[in-house]
Protein chains: 2
Amino acid sequence: MTRKIRLGAFLPGGGQHIASWRHPDQPADGAVNFDFHVQLAREAERGLFDAYFLADGLATGGTSEGGPARIAGFEPVTLFAALATQTTHLGFIATASTTYEEPYNTARKFASLDLISGGRAGWNVVTTATEAAARNFNLDTQHPHAFRYARAAEHVEVVRKLWDSFEDDIFIRDKETGNFLDRTKLHFAHHKGAHFKVEGPLNVSRSPQGHPVIVQAGQSEDGRGLAAATAEVIFTAHQRLDTAQEFYRDIKARARGLGRDPDHILIMPGVSPFVGRTEDEAREKYDRLTSLILEEDGISLVKGLTGGTLDLTGADLDGPLPPVAPTEGMKSRQALIRQIADENGFTIRQLYQWVASARGHYTIVGSAAQVADMLEEWFTSEAADGFNILPPWLPTGLTDFVDLVIPELQRRGLFRTAYEGRTLRQNLGLPFPVNRYAAARSAAQAAE
Amino acid sequence: MTRKIRLGAFLPGGGQHIASWRHPDQPADGAVNFDFHVQLAREAERGLFDAYFLADGLATGGTSEGGPARIAGFEPVTLFAALATQTTHLGFIATASTTYEEPYNTARKFASLDLISGGRAGWNVVTTATEAAARNFNLDTQHPHAFRYARAAEHVEVVRKLWDSFEDDIFIRDKETGNFLDRTKLHFAHHKGAHFKVEGPLNVSRSPQGHPVIVQAGQSEDGRGLAAATAEVIFTAHQRLDTAQEFYRDIKARARGLGRDPDHILIMPGVSPFVGRTEDEAREKYDRLTSLILEEDGISLVKGLTGGTLDLTGADLDGPLPPVAPTEGMKSRQALIRQIADENGFTIRQLYQWVASARGHYTIVGSAAQVADMLEEWFTSEAADGFNILPPWLPTGLTDFVDLVIPELQRRGLFRTAYEGRTLRQNLGLPFPVNRYAAARSAAQAAE
């Protein structure tokens, strides 16, 4: 089988670009409009995307999260359960926090989503990196970065144990004899760790995928370690081919070092595409959205992306970005924003105009062929197994990609022309996870 | 407007009766069969029920929760989000725990469900009363009953504050000026209490109902206090008209004493109906299900309902129920089971046969007219504002009720012939909750 590009669609109903809600095409209430999300899901499925992806913050991000239109939205798992009924092949990758949720609850809701969708669920594992979120969960200040990542690793481990509570063939359900299940195939987690004590079993049965697909986006040293050990899909943000390649090779090497098959960790950088039938048309689309940015939203965005401590009151927006001390928030993103400002020699205004569309993800303005060229180059040169597409505004930014770029990728043999499987795991080419308890029994029997 | 009976439908896909999965009509995999739940929701909507209700336990209940078929199911909010898309009027009341969830997460998922369903969400507030659940959430033993109820009261209060984060008219969404919202109408909870510290605001906007409907089932002294203070619907379990009346009057009096309108607290006892075209036919249905009970499931049920500590190994099942020391679990249910055993002079076997259908809820075996007589008597004599119907097996137990009892209630003018409103709140005749911050501002302005 020829290797194909994998595609996620990152589609917050409020739009990615901080001014997208002002665009005539996008419903101003998109963030809380369920019917609009149905439309987006169907459009992504028409484009044969692998999955619909949503981030999640556990606090009103305001403009730092993508503009005022994204101050309020849906809880992603609840939303995706509803959207799953409106689609048949599209996967759904929802973000949930290892810091502010309990593994038993996490395991349940994703197993339920997997059951409801017939095997199309993914969990984007995040540690949640804002002070605002901490203050919504009984804390005055958030836990240190290293603590969050240690808890995350254990949280994922407990969830995976719980997803193995029921072996695939546990249920007998013989009405005649009354024999419902084989109790030897029901397993307790008996987990006792530094952060969690969880007995199990889960009270949701093993779902069609066995385990929903594990997704991560960590880029710091701690983040890379967690991702290499546990992730099956990694979203990542890069501004340059060389740093993307460095990240790609590093993760694959780490995975190999941990005894994992590197083909079972898909690296998917984010790409924010302004696509036109010509480059000029794409440029017009970019300029139009840029012209809709309010200065206060731009300032707030830069503050949010640099860790939340920067005060730009009275600053010259046409001067350079001042130094900012790093915080316990999203460390890699803080460094990336600084890199964008420095390498491009951007003023504060130029910086917020550039990151307004995707907050540090790669932004490309071009014809369908130019966008496809970029995707092909990254895909064929060890920088990416696929991409998480962030259409700057909706639904048109997505429709443009589906109508213009997807056919170009298909012509080049780089993208599917029909879904390969029924589950997200099958479409992504990821293996079905063998139940750990069944595996242990097989191993024990083989050794006898 | 004439007072009408309100009806909930309590429909676990695995069935209520512990042997229901063995009935030929019920899919043996009902508990984890999404399509079957869609069928049940549509059937309940055909019967003009107010709401689909689901309990939730945060542990594999095994037989104590209703038989082996209910050892694993769906997380209710995730399931209901999906079912909401398959229905247009039916409400969805999901159970969520105040002990093992955080208020910020609770507020989000129910507000999301309310947005997705267009205003049909309800939250059944429970403290979760099993040792097994405690062991899934980092505890060796569960918190004392009084602690759980104190935390529950504060949890509900925080959730309600968060649901008021956005005033109803906060969003301006003027694309021309870029004015998205009126920031004076965005509110922080700034909550600091004994159990929670939550700053807010919520990151889900105020939903169609303002607040999803608050439901409770507490019957102990602590439970009654919490319910009278905060509940809008109360599910309750009674074996006799007189205890139901005592409970009804007590709750209404407590509510009045707290300055609440007693008509805004609907008391809905559980009823498990075996309905036939004749009493004999109903009795046949009852006997058939009873004959399917396995002894070990019956013993396990009695153990679970009496607090989980009773060891019946080697006991004479045709002798009386031995004494059981009360536990920190569901106190009122333990007392109710003892009452059923004592008042009926039941042996252990007779006890489990009787409670097999509804674990202590009122069970009635009769013709449609007999069932309607009972509902009418309770409804017109200060024992009930409505009922939570627990069909013993599915879908037929529900279909029987819809086809036989509903028309009888309609003929008597006791039940609706069409949905009155678009939201659960409207159908139940409950008021729209005024936003506390808007109310405070109005009061301040009036005082000037």
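Predicted model only: the values in this text are computed from it and were never measured.

Caption draft 1: Expanded view of the domain arrangement of chain A. Residue and element names in this part refer to chain A. One can read the domain layout of chain A as domain 1 (6-290 + 360-447) and domain 2 (294-355). Averaged C-alpha coordinates put domain 1 and domain 2 at centres separated by 27 Å. Listed by partner, the interface residues are 20 residues for domain 1 and 20 residues for domain 2. In total, domain 1 and domain 2 occlude about 1,900 Å² of area from one another, counting both sides; carbon and sulfur atoms represent 56% of this. Applying the counting rule to domain 1 against domain 2 returns 1 salt bridge. Close ionic contact of Arg240 with Glu343 constitutes a salt bridge, the shortest N to O distance being 2.3 Å. The set of elements that each furnish at least two residues to the side of domain 1 that touches domain 2 consists of α5 (145-163) and α8 (279-291). A per-class count over the side of domain 1 that touches domain 2 returns 6 nonpolar, 11 polar and 3 charged.

Caption draft 2: Local environment of the relation of the copies chain A and chain B. Relative to chain B, chain A is turned by 180 degrees and slid 0.0 Å along the rotation axis, the superposed coordinates differing by an RMSD of 0.0 Å. Those values place the two copies in the arrangement expected of a two-fold rotation axis. Judged by C-alpha distance, Ala82 of chain A is the residue of chain A that lies nearest the rotation axis, at 2.0 Å. Most of the interface of chain A is mirrored in chain B: 100% of its interface residues are interface residues there too.

Caption draft 3: Representation of the packing of aromatic side chains within the structure. All names here are of chain B. Tallied over the full model, the rule gives 34 aromatic pairs over all chains. Ring centres of Phe171 and Phe180 lie 5.6 Å apart, and the angle between their planes is 70 degrees; this geometry places the pair in the edge-to-face category. Judged by relative accessible area, Phe180 falls into the buried class, the value being 4%. Judged by centre distance (5.9 Å) and plane angle (55 degrees), the rings of Tyr286 and Trp354 are tilted. With Tyr286 in helix α8 (residues 279-291) and Trp354 in helix α11 (residues 348-355), the pair connects residues that are 68 residues apart, well separated along the chain. On the accessibility criterion, Tyr286 (9% relative accessible area) is buried.

Caption draft 4: Structural detail: the environment of Ala82 of chain A. With respect to the helices and strands, Ala82 of chain A occurs in helix α2 (residues 76-84). Between the alpha carbons of Ala82 of chain A and Phe235 of chain A there is a distance of 24 Å; along the sequence they are 153 residues apart. If we ignore the near neighbours within four places in the chain, the residues touching Ala82 of chain A are Phe34 of chain A together with Ala81, Ala82, Thr85 and Ile116 of chain B.

Calculation rules
Residues numbered from 1 in each chain as written. Chains lettered and ligands numbered in written order. Predicted model: local features only at pLDDT ≥ 70, side-chain atom pairs only at ≥ 80, totals over all residues. Heavy atoms only, no water. Domains from an automatic or database assignment. Contact = heavy atoms within 4.5 Å. Buried area = accessible area lost by both parts, 1.4 Å probe. Salt bridge = Lys/Arg side-chain N within 4 Å of Asp/Glu carboxyl O. Helix = DSSP H or I, 4+ residues; strand = E, 2+ residues; numbered from the N terminus. Nonpolar A, V, L, I, M, F, W, Y, C, P; charged D, E, K, R; others polar. Least-squares fit on C-alpha atoms with pLDDT ≥ 70 in both. Phe/Tyr/Trp six-rings, centres within 6.5 Å; stacked < 30°, edge-to-face > 60°. Buried < 20%, exposed > 50% of the residue type's maximum accessible area, 1.4 Å probe, protein only.

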